[in-house]
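# Structural overview
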Amino acid sequence: AQKVTQAQTEISVVEKEDVTLDCVYETRDTTYYLFWYKQPPSGELVFLIRRNSFDEQNEISGRYSWNFQKSTSSFNFTITASQVVDSAVYFCALGGNNRLAFGKGNQVVVIP
Amino acid sequence: NAGVTQTPKFRILKIGQSMTLQCTQDMNHNYMYWYRQDPGMGLKLIYYSVGAGITDKGEVPNGYNVSRSTTEDFPLRLELAAPSQTSVYFCASSYEYTEAFFGQGTRLTVV
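What chain B contains, in helices and strands, is zero helices and 11 strands. In sequence order, chain B lays out its α and β elements as β-β-β-β-β-β-β-β-β-β-β. A globule of 111 residues ought to have a C-alpha radius of gyration of about 13 Å, and chain B, at 13 Å, matches this closely. Dimensions of chain B along its principal axes, counting C-alpha atoms only, are 35 × 25 × 25 Å. Classification of the 111 residues of chain B by burial places 48% in the buried group. On chain B, roughly 5,200 Å² of surface is accessible, and the fraction owed to carbon and sulfur atoms is 52%. On chain B, the mean spot of the 9 positive side-chain charges and the mean spot of the 9 negative ones are 13 Å from each other.

Next up, the structure:
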């Protein structure tokens, strides 16, 4: 069975600080996909990034970066120089075996 | 390009009533999903479909039914609504192993 754990519930940071969100996953699939989604206060779910299980190269996209470590089953996400507009719930998700499983989410509050 | 469209956006049901949440996508995605989101609990998979005519149960299927007669449509049926089904429901679609696109959600209250 697939499982996604986001241990932190609410994280508060002062604007311009970096914030890192932890995600640990469990799966028996050899091929799987990992995602981060953002849910702003308006409620919609916005796709941010995707990583394939066979590609451990870490990347940076604007103020977002991610660290995928297959050995520890972790897929951490960092927002650099946070802004008030980054205040949202962030979900880590695991895709595989026709399913897409979500963690419980991290509430990020950016204080001006 | 409409993406994933869910209707209605809000609904109040009385206990024991039934209703259908509509979901349609125009991206020709083969995969479609229904989730419910309870406060602080993330998204739980209710049902999913990998193509027209094929559906399967997710984590929390009890009290719900789905059908997938076309690629575009994936309605979710609630029979005999209960207060425990008060939640926000999201429909999503994707190609295999790609990111899912979500509808705007349906806020359902059962009283």
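With that out of the way, let us pick up the interface of chain B and chain A. Listed as interface residues are 20 residues of chain B and, on the opposing side, 18 residues of chain A. Taken together, the two surfaces of chain B and chain A that pack against each other cover about 1,700 Å², and 58% of this comes from carbon and sulfur. Counting the contacts that link chain B with chain A gives zero salt bridges. Inspection of the region where chain B meets chain A yields five residue pairs in polar contact (both at pLDDT 80 or more). Elements with a minimum of two residues in the side of chain B that touches chain A: β4 (31–37) and β5 (43–51) of chain B. Considering only residue class, the side of chain B that touches chain A consists of 12 nonpolar, six polar and two charged.

Further remarks concern the environment of Q83 of chain A. Looking at the element boundaries, Q83 of chain A is found in the loop between β9 (74–79) and β10 (88–96). Residue classification places Q83 of chain A among the partly exposed residues on the basis of a relative accessible area of 34%.

This model, assessed by the stated rule, comprises 20 aromatic pairs over all chains. Both rings, one in F35 of chain A and one in F47 of chain A, keep their centres 6.4 Å apart while their planes meet at 65°; by these two values the pair is edge-to-face. On the criterion of sequence distance, the pair formed by F35 of chain A in strand β5 (residues 33–39) and F47 of chain A in strand β6 (residues 46–52) is long-range, its members being 12 residues apart. Where Y37 of chain A meets F102 of chain B, the ring centres are 5.5 Å apart and the plane angle is 85°; that geometry is what we call edge-to-face. Of the two residues, Y37 of chain A is situated in strand β5 and F102 of chain B in strand β10 (residues 101–102); the pairing between them involves two chains. Among the residues examined, Y37 of chain A registers a relative accessible area of 0% and is labelled buried. Given the relative accessible area of 10%, F102 of chain B is considered buried. Put simply, the rings of F35, Y37, F47, F91 and F102 of chain A together with Y31, Y33, Y35, F90 and F102 of chain B pair up and form one aromatic cluster. Positioned over the ring face of F74 of chain B is R68 of chain B, at 6.0 Å from the centre of the ring.

About the cut-offs
Residues numbered from 1 in each chain as written. Chains lettered and ligands numbered in written order. Predicted model: local features only at pLDDT ≥ 70, side-chain atom pairs only at ≥ 80, totals over all residues. Heavy atoms only, no water. Helix = DSSP H or I, 4+ residues; strand = E, 2+ residues; numbered from the N terminus. Rg over C-alpha atoms; globule rule 2.2 N^0.38 Å. Buried < 20%, exposed > 50% of the residue type's maximum accessible area, 1.4 Å probe, protein only. Areas by Shrake-Rupley, 256 points an atom, 1.4 Å probe, with all protein chains shown as cover. Lys, Arg positive; Asp, Glu negative; His and termini not counted. Charge placed at Lys NZ, Arg CZ, Asp CG, Glu CD. Contact = heavy atoms within 4.5 Å. Buried area = accessible area lost by both parts, 1.4 Å probe. Salt bridge = Lys/Arg side-chain N within 4 Å of Asp/Glu carboxyl O. Polar contact = N/O pair within 3.5 Å; in protein donor to acceptor, adjacent residues only side chain to side chain. Nonpolar A, V, L, I, M, F, W, Y, C, P; charged D, E, K, R; others polar. Phe/Tyr/Trp six-rings, centres within 6.5 Å; stacked < 30°, edge-to-face > 60°. Lys NZ or Arg CZ within 6 Å of the ring centre and 35° of its normal.

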